[in-house]
Amino acid sequence: PPPLSEGDDVLARWSDGLLYLGNVKRVSACGKLFCMLLKQTSRALNMVLLCHYCHSSCLSYKHELNALPPPSITGYHPECHTPTIEPEADSDSWICRQCVFAVATKRGGALKRGRFARLMQFMKLRLPYQLSSLDWDPQHLTNQQQCYCYCAGPGEWNLKMLQCGSCGQWFHEACTQCLTKPLLYGDRFYQFECSVCTKGPETIQRLPMTWVDLAHLVLYHLSLCCKRKYFDFDHEILSFTNENWDSLLLGALSDTPRQDRCHNLLNALNSHKDRFVSGKEIKKKKCLFGLQVRAPPPLTSDSSPLITDPPINITHRKRSE
């Protein structure tokens, strides 16, 4: 592909699984984009049609008109695409994996109905990479290749991703089709199995949560959204919890009357000094609360929580939906 340089506009798959129009800020000496994977970019090509995967040209390929900006013609050798393109596939109606995911992925979960939803479900039965070739950290939270999900894009495990209980891979909220409610940042209280492991639709089950888990999850979510450490109990913590009560899917806690939620949350915040710090302890207002360590609430299987907040060094503008 033609080299990319500073100032170029590119279409990039971001760590949330969605495509954005980005602007290249820096290119390293080896030709890789700073904080962006080259394999996740595309741009207009005024040259011989190349295979999007192996970047070589021949007469045996399938192609489509890519409707995403910038407009381009994308080609694939039948054996290079995942899944392999059948010989009888119609070039006029066939749609590649990249465009299926670009159209079907959404915040809160991918499309569940329609042609693109069906195509996406079919393509999710196989990963476009070898899972065994990825180099993971000891906690199995990040890999060196920055390759996750069905889309093979980058990701951050604590920012709206689900981990498959069978294969251990992490999947973007935007690429999954099983969620009934959007995820909160750091919410891992799900038992999830991906389409590759089930050989069909994904399966998901909500895990039970305690009041301590709920308070921790709300504080972590607010800290990432608002970029602050301390939050007012009545006006922010309790208010957010009440406004999103049904979306939290709290199981046994769901039946708690509204007037009792305040006492339970406040008790959890005051009685677990290992997780929470109050304003009174740092000579601030006693109604303020924050996390001792900015990390998602741990699961019972966790040995220790881990913080992953990598810097963002490339500006991006949201692609119009």
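Residues numbered from 1 in each chain as written. Predicted model: local features only at pLDDT ≥ 70, side-chain atom pairs only at ≥ 80, totals over all residues. Heavy atoms only, no water.

Q: Lay out the overall build of the protein chain in plain terms, naming residues and giving numbers.
A: Within the protein chain, the regular secondary structure consists of six helices and 13 strands. Within the span of the protein chain, comprising 321 residues, buried residues form 47% of the whole. Per element, the accessible surface of the protein chain, about 16600 Å² overall, is 54% carbon and sulfur. (Helix = DSSP H or I, 4+ residues; strand = E, 2+ residues; numbered from the N terminus. Buried < 20%, exposed > 50% of the residue type's maximum accessible area, 1.4 Å probe, protein only. Areas by Shrake-Rupley, 256 points an atom, 1.4 Å probe, with all protein chains shown as cover.)

Q: Provide a residue-level description of the side chain of Glu202, including the pertinent values.
A: Mapped onto the fold, Glu202 is located in the loop between helix 3 (195–198) and strand 9 (203–206). Overall, Glu202 belongs to the buried group, its relative accessible area being 10%. Polar side-chain contacts of Glu202 include one of 2.8 Å to the side chain of Tyr150. From its side chain, Glu202 meets the backbone nitrogen of Gln177 in a polar contact 2.9 Å long. (Polar contact = N/O pair within 3.5 Å; in protein donor to acceptor, adjacent residues only side chain to side chain.)

Q: How would you explain the environment of Leu299 if you had to name every residue and give the values?
A: Within the secondary structure, Leu299 is located in the loop between strand 12 (288–291) and strand 13 (316–318). Residue Leu299 is classed as buried on the basis of its relative accessible area, which comes to 19%. Through-space distance from the C-alpha of Leu299 to that of Leu207 is 9.8 Å; in sequence the pair is 92 residues apart. Not counting residues up to four positions away in its chain, the partners in contact with Leu299 are Arg188 and Phe189. (Contact = heavy atoms within 4.5 Å.)

Q: Which residues make up the pairing of strand 1 (residues 9–13), and what values do they have?
A: The two faces of the sheet receive side chains in turn, since in a regular strand these alternate between them. Most of strand 1 is tucked away: four of the five residues are buried. Pairing of strand 1 with strand 2 (residues 19–23), which is carried by five bridges, proceeds in the antiparallel orientation. Note that in strand 2 the partner of Arg13 across the bridge is Leu19. Remark: five residues form the turn of the hairpin made by strand 1 and strand 2, two consecutive strands paired antiparallel; Gly17 in that turn has positive phi of roughly 90°. (Pairing = 2+ DSSP bridges.)

Q: Now, about the sheet that holds strand 10 (residues 231–232): what can you tell me, with residues and values included?
A: To summarise the sheet geometry, strands pair through backbone hydrogen bonds and adopt either a parallel or an antiparallel arrangement. Here we have three strands laid out as an open sheet, ordered 10-12-11, and antiparallel in their pairing. With partners counted over all chains shown, the strands left at the sheet margins are strand 10 and strand 11 (276–278), one partner each. Direction of pairing for strand 11 relative to strand 12: antiparallel, over a ladder of three bridges. Note on strand 12: the bridge partner recorded for Phe276 is Leu291. Set on the sheet, helix 4 (residues 211–226) makes contact with strand 10, strand 11 and strand 12; between it and strand 12 the angle comes to about 90°. (Axes fitted to C-alpha atoms, helices over the stretch in contact; angles between N-to-C directions.)

Q: I'd like a rundown of helix 5 (residues 233–243), residues and numbers included.
A: Inspection of helix 5 places Phe233, Ile237, Leu238, Phe240, Thr241 and Asn242 among the buried residues, and these make up the whole buried set. Structurally, helix 5 contributes buried residues whose contacts are with helix 4, strand 10, helix 6 (258–271) and strand 12. The opening residue of helix 5 is Asp232, an N-cap whose side-chain oxygen sits 3.1 Å from the backbone nitrogen of Asp234.

Q: Which residues make up unusual backbone geometry, and what values go with them?
A: The phi torsion at His140 lies on the positive side, around 55°, for a residue other than glycine. With respect to the secondary-structure elements, His140 resides in the loop between helix 2 (115–123) and strand 6 (161–163). Given the relative accessible area of 25%, His140 is considered partly exposed. At Leu249, a residue that is not glycine, the phi angle is positive and equals roughly 50°. Structurally, Leu249 is set in the loop between helix 5 and helix 6. You can call Leu249 partly exposed: its relative accessible area is 27%.

Q: Give a detailed account of helix 2, specifying residues and quantitative values.
A: Restricting attention to buried positions, one finds in helix 2 the residues Ala117, Met120, Gln121 and Met123. Seen end-on, helix 2 carries its buried residues on one side only, within an arc spanning 165°. Among the exposed residues of helix 2, those oriented more than 90 degrees off its buried face are Arg118 and Phe122. Here the buried face of helix 2 lies against helix 1 (97–104) and helix 3. (Arc of directions from axis to C-beta.)

Q: Would you mind going over the confidence of the model for the protein chain in detail, with residue names and values included?
A: Per-residue pLDDT for the protein chain has a mean of 80; in total, 74% of the residues score no lower than 70. Note on residues 32–51: pLDDT is under 50 here. Beyond four places in sequence and across chains, it has 63 contacts. Under a pLDDT of 50 for its full length, residues 55–73 has, in the predicted model, 56 contacts with residues more than four places off or in other chains. (pLDDT = per-residue confidence, 0-100.)

Q: Go over the packing of aromatic side chains with me, naming the residues and quoting the values.
A: Two aromatic rings, taken as a pair, are described by how far apart their centres are and by the angle between their planes. Under the criterion given, the structure shown has seven aromatic pairs. Where Trp14 meets Tyr20, the ring centres are 6.4 Å apart and the plane angle is 75°; that geometry is what we call edge-to-face. Look at Trp14 and you get buried, because its relative accessible area is 12%. A centroid spacing of 6.3 Å and a plane angle of 70° characterise the contact between Phe233 and Phe289, whose relative ring orientation is edge-to-face. Linking Phe233 in helix 5 with Phe289 in strand 12, this pair joins segments that are 56 residues apart in sequence. Per residue, the accessibility class of Phe233 equals that of Phe289, and both read buried. (Phe/Tyr/Trp six-rings, centres within 6.5 Å; stacked < 30°, edge-to-face > 60°.)

Q: So what's going on with the packing of helix 4 against helix 6? Residues and values would help.
A: Packed helix pairs are specified by the crossing angle of their axes together with the interaxial distance, meaning the distance between the axes. At a minimum axis separation of 9 Å, helix 4 and helix 6 run at an interaxial angle of 80°. Comparing the axis directions of helix 4 and helix 6 gives the class roughly perpendicular. Taken together, the residues of helix 6 that come into contact with helix 4 (itself represented by Trp211, Val212, Leu214, Ala215 and Leu219) are Arg261, Asn264, Leu265, Ala268 and Leu269. Residue composition of the contact of helix 4 with helix 6, by class: eight nonpolar, one polar and one charged. (Parallel < 35°, antiparallel > 145°, perpendicular 65-115°, else oblique. Nonpolar A, V, L, I, M, F, W, Y, C, P; charged D, E, K, R; others polar.)

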